[in-house]
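Take a look at the letters that make up each chain.
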Amino acid sequence: MKYDVSQIKLRNIPDLEQLEHGKCCRTYVYCFIKPLPEQNVIDQIANSLEKKFICSKEVYEIPEDVEICASIFMERSQDEEARVRVLTDQPEEVCVYIFGIHTLPRKIEERFGIIQSIQGQQRESWITDRQ
């Protein structure tokens with residue numbers, strides 16, 4: 001397969017924030033085409049987007065399996081805008097990073113409607129329509 005420069009999409013990834021007790025998060029700004037539901041509905045949906053990853057001791061040659069959890073918090077800041085926080089209770093692992101920039105935008109769009117932009121960049125910079 002041949003590649004060219006036009007296939008490269010640079011994303012405006014927010015900085016990793018270090019929180020108390022070893023926790024960390026990234027906060028993304030999502031803008032939608034249609035208004036978002038009330039905050040209590042957003043909270044319920046965001047909770048359902050939580051993702052758990054298991055790092056197998058056999059694969060990673062570690063003493064025991066490690067579970068890594070990515071929790072999702074969404075705060076409606078305007079009718080069509082929300083701050084989406086991807087929080088993990090351990091230093092950010094690759095699985096959480098990839099989930100936050102690749103899988104999560106599509107899952108959020110499935111539940112809240114078409115995304116206009118993420119981090120000020122057009123939808124197409126973050127979500128491709130091919131699977």
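Here, the structure is the one placed above.
Residues numbered from 1 in each chain as written. Predicted model: local features only at pLDDT ≥ 70, side-chain atom pairs only at ≥ 80, totals over all residues. Heavy atoms only, no water.

A.B. asks: Got a minute to help me understand helix α3 (residues 94–112) in this structure?
C.D. replies: For an α-helix the count is 3.6 residues per turn, leaving residues at separations of three or four pointing the same way. An ideal rise of 1.5 Å per residue puts 27 Å on 19 residues; α3 measures up with 26 Å between its terminal C-alpha atoms. Along its length, α3 reaches its greatest deviation from straightness, about 45°, at T103, and the proline P105 lies no more than four positions downstream. Burial in α3 covers these residues: V96, F99, G100, I101, L104, P105, I108, E109 and F112. Next to the buried residues of α3 lie β2 (24–32), α1 (39–48), β3 (51–55), β4 (66–78), β5 (81–88) and β6 (115–118). (Helix = DSSP H or I, 4+ residues; strand = E, 2+ residues; numbered from the N terminus. Expected span 1.5 Å × (residues − 1). Bend = angle between axes of the 7 residues up to and from the residue. Buried < 20%, exposed > 50% of the residue type's maximum accessible area, 1.4 Å probe, protein only. Contact = heavy atoms within 4.5 Å.)

A.B. asks: It is not clear to me how a nonpolar patch on the surface should be interpreted in this structure. Could you clarify?
C.D. replies: Taken together, the side chains of V5, I8 and L10 define a hydrophobic patch exposed on the protein surface, amounting to about 370 Å² of accessible area. Inspection of the secondary structure assignment puts L10 in the segment before β1 (17–18). A residue is classified by how much of its surface remains accessible, and L10, at 70% relative accessible area, is exposed. (Patch = residues over 30% accessible without salt bridge, like charges linked within 9 Å, V, L, I, M, F, W, Y side chains within 5 Å. Areas by Shrake-Rupley, 256 points an atom, 1.4 Å probe, with all protein chains shown as cover. Salt bridge = Lys/Arg side-chain N within 4 Å of Asp/Glu carboxyl O.)

A.B. asks: What is the right way to look at the state of the cysteines in this model?
C.D. replies: By definition, a disulfide is the covalent link that joins the sulfur atoms of two cysteine residues. Summed over the entire model, instances satisfying the criterion amount to zero disulfides. With no disulfide of its own, C24 lies closest to C25 among cysteine sulfurs, the gap being 7.4 Å. Residue classification places C24 among the buried residues on the basis of a relative accessible area of 1%. (Disulfide = S-S within 2.5 Å.)

A.B. asks: Help me out: how do you make sense of the pattern of salt bridges in this one?
C.D. replies: Tallied over the full model, the rule gives six salt bridges. D79 is the partner of R76 in a salt bridge, and the nearest nitrogen-oxygen pair spans 2.5 Å. On the basis of relative accessible area, D79 is assigned to the partly exposed category, the value being 42%. Among the ionic pairs, R111 bridges to E110, the shortest N-O distance being 3.7 Å. Linked through salt bridges whose partners overlap, the residues forming this network are E38, R76 and D79.

A.B. asks: Can you help me understand the environment of Q39 in this one?
C.D. replies: Looking at the secondary structure, you find Q39 in helix α1. Residues Q39 and D129 lie 90 residues apart in sequence; the distance between their C-alpha atoms is 28 Å. Non-local contacts of Q39, meaning those with residues more than four positions away in its chain, are made with M74, E75 and R76. A distance of 2.7 Å separates the side chain of Q39 from the backbone oxygen of M74, its partner in a polar contact. One polar contact links the side chain of Q39 to the main-chain amide nitrogen of R76, over a distance of 2.8 Å. (Polar contact = N/O pair within 3.5 Å; in protein donor to acceptor, adjacent residues only side chain to side chain.)

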